[in-house]
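# Observations on the three-dimensional arrangement
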Amino acid sequence: MKIGNIDLGYRPVLLAPMEDVTDIGFRLLCRRMGAAMVYSEFVSCDALVRMVGKSLKKLEVCDEERPVAIQIYGKEPGPMADAARIVVEQAHPDVVDLNFGCPVKKIASKGAGAGMLRDVPKLLEITRSVVDAVGHEVPVTVKTRLGWDHEHKIIVELAEQLQDCGISALTIHGRTRSQLYSDQADWTLIGEVKRNPRMHIPIIGNGDITSAERAVEAFERYGVDAIMVGRATFGRPWIFKEIVEKIHSQNGLNEETSTQPSTLTDENEQGAGLSLDWKLDILKEQVITSVARLGEQSGIHHVRRHLAASPLFKGIPDFRQTRIRMLRAETVDELFEIIEHTRGLLHQL
Ligand SMILES: Cc1cc2nc3c(=O)[nH]c(=O)nc-3n(C[C@H](O)[C@H](O)[C@H](O)COP(=O)(O)O)c2cc1C
């Protein structure tokens, strides 16, 4: 599968853009774990145009993480085109991605992110202006949702219109803006976009990929060109290895699409033969990287989301107090002592 000239290989698995999560450290880790491409946190075009330091810092990329996409959001064509130029000049990303999917009230209610789904002419104007500004240098892609709400699931038509603007790939999260993160992602319309004979750009499916089984199902049932994984990477960056291994072991099996249920089946994949010790060491490495970048206190705070969500620490008997201590630890020494204690507990299970 290719985005522009970037060859992402067979059935690629991408790391979703996530604010406060997909910084350079996490992106590098996920690439090492098998993510075929990684996305930055979204960056405000207005802040970039005003050269706000915190936003410019989000443009930091390194060669080892490539291919990497920088994602921007905004609600006016001029500033979005200007910001895209700044992104290309400063970061030289492999892809510039436009966010038309963020459901957060402070963004969507102002007409940016998923708010753009209520003003399709403006959304298309923005897309055209960014493609005009940087499309000759770098592929421009879009990430969006099915539509604003249940009554306005516009993605099938919107996908064609976006393609006509000159984008190089489209990522679809199988929820509407109104759904936020509730219900199960509905992949039916993602499949419909993919089956539309007018569509020729790659379609990247997103939403609720939580196991290698679901990943394979997304490719086989809905025919997408790539999948994108978000929340399931929290405390489990090795999910990329699990998925990639499964995809490769299934290579050549049945690729027929089906009209059966529109959500992905729920199976819990532990797999890929990765040892418990190796996984714990990966989490410790994540702590060290985060602390090296942000300092001890902020670095530890930054990885707490991962520790809290990690499947490694689920289902351990009488673990509540240790878990609380783990999530309250303020120093690396304290945190590692608790992780080592937990390693002992896990080995006894
Ligand atoms: C903490 C968090 C931050 C997110 N930030 C962004 C973002 O900056 N840009 C974006 O396009 N989507 C963002 N998303 C949405 C994800 O990219 C993804 O579309 C969504 O989580 C659904 O995929 P999943 O079910 O695999 O998590 C964010 C999601 C979460 C949970």
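Quick caveat, the model's predicted, so the values are computed rather than measured. (Residues numbered from 1 in each chain as written. Predicted model: local features only at pLDDT ≥ 70, side-chain atom pairs only at ≥ 80, totals over all residues.)

### Considering the overall build of the protein
Put simply, the rule is: A helix here means a DSSP run of H or I that spans at least four residues, while a strand means a run of E at least two residues long, and both kinds are numbered starting from the N terminus. As defined in this context, the radius of gyration uses C-alpha atoms, and a globule is described by 2.2 Å times the residue total to the power 0.38. Neighbour counting defines burial: a residue surrounded by 20 or more other C-beta atoms within 10 Å of its own C-beta is buried, one with 12 or fewer is exposed, and intermediate counts give partly exposed, using backbone-placed C-beta atoms. We call two residues in contact whenever the C-beta atoms placed from their backbones are within 7 Å.
Within the protein, the regular secondary structure consists of 14 helices and 10 strands. Relative to a compact globule of 349 residues, whose C-alpha radius of gyration would be 20 Å, the protein shows 20 Å and is just as compact. Principal-axis analysis of the C-alpha atoms places the extent of the protein at approximately 60 × 50 × 35 Å. Out of the 349 residues in the protein, the part that is buried amounts to 46%. Of the contacts formed within the protein by residues at least 6 apart in sequence, a portion of 70% connects residues at least 24 apart.

### Comments concerning helix α10 (residues 239–250)
The condition is simple: Each helix should span, by expectation, one fewer than its residue count multiplied by 1.5 Å.
Over its 12 residues, α10 extends 16 Å from the first C-alpha to the last, a length consistent with the 16 Å expected when each residue adds 1.5 Å. Within α10, burial applies to Ile239, Phe240, Lys241, Glu242, Ile243, Val244 and Ile247.

### Thoughts on the site of the ligand
How we decide: Near, for a residue, is defined by distance from a backbone-placed C-beta atom to a molecule or strand, with 6 Å as the limit that must not be exceeded. Under this grouping Gly is polar, as are all residues other than the nonpolar Ala, Val, Leu, Ile, Met, Phe, Trp, Tyr, Cys and Pro and the charged Asp, Glu, Lys and Arg.
Neighbouring the ligand are 21 residues; Ala16, Met18, Phe42, Gly230 and Arg231 lie closest to it. When its residues are assigned to classes, the shell around the ligand shows nine nonpolar, seven polar and five charged.

### Some words on helix α1 (residues 24–32)
If you check which residues of α1 are buried, you get Gly25, Phe26, Arg27, Leu29, Cys30 and Arg31. Following α1 by one or two positions, Gly34 has its phi on the positive side, about 120°.

### Focus: the domain arrangement of the protein
We apply this condition: Start and end points for every domain follow an automatic or database-based domain assignment.
When the domains of the protein are assigned, the result is domain 1 (2–250) and domain 2 (276–348). Computed from C-alpha atoms alone, the centre-to-centre distance between domain 1 and domain 2 is 30 Å. Its residues assigned to classes, the side of domain 1 that touches domain 2 shows four nonpolar, two polar and one charged.

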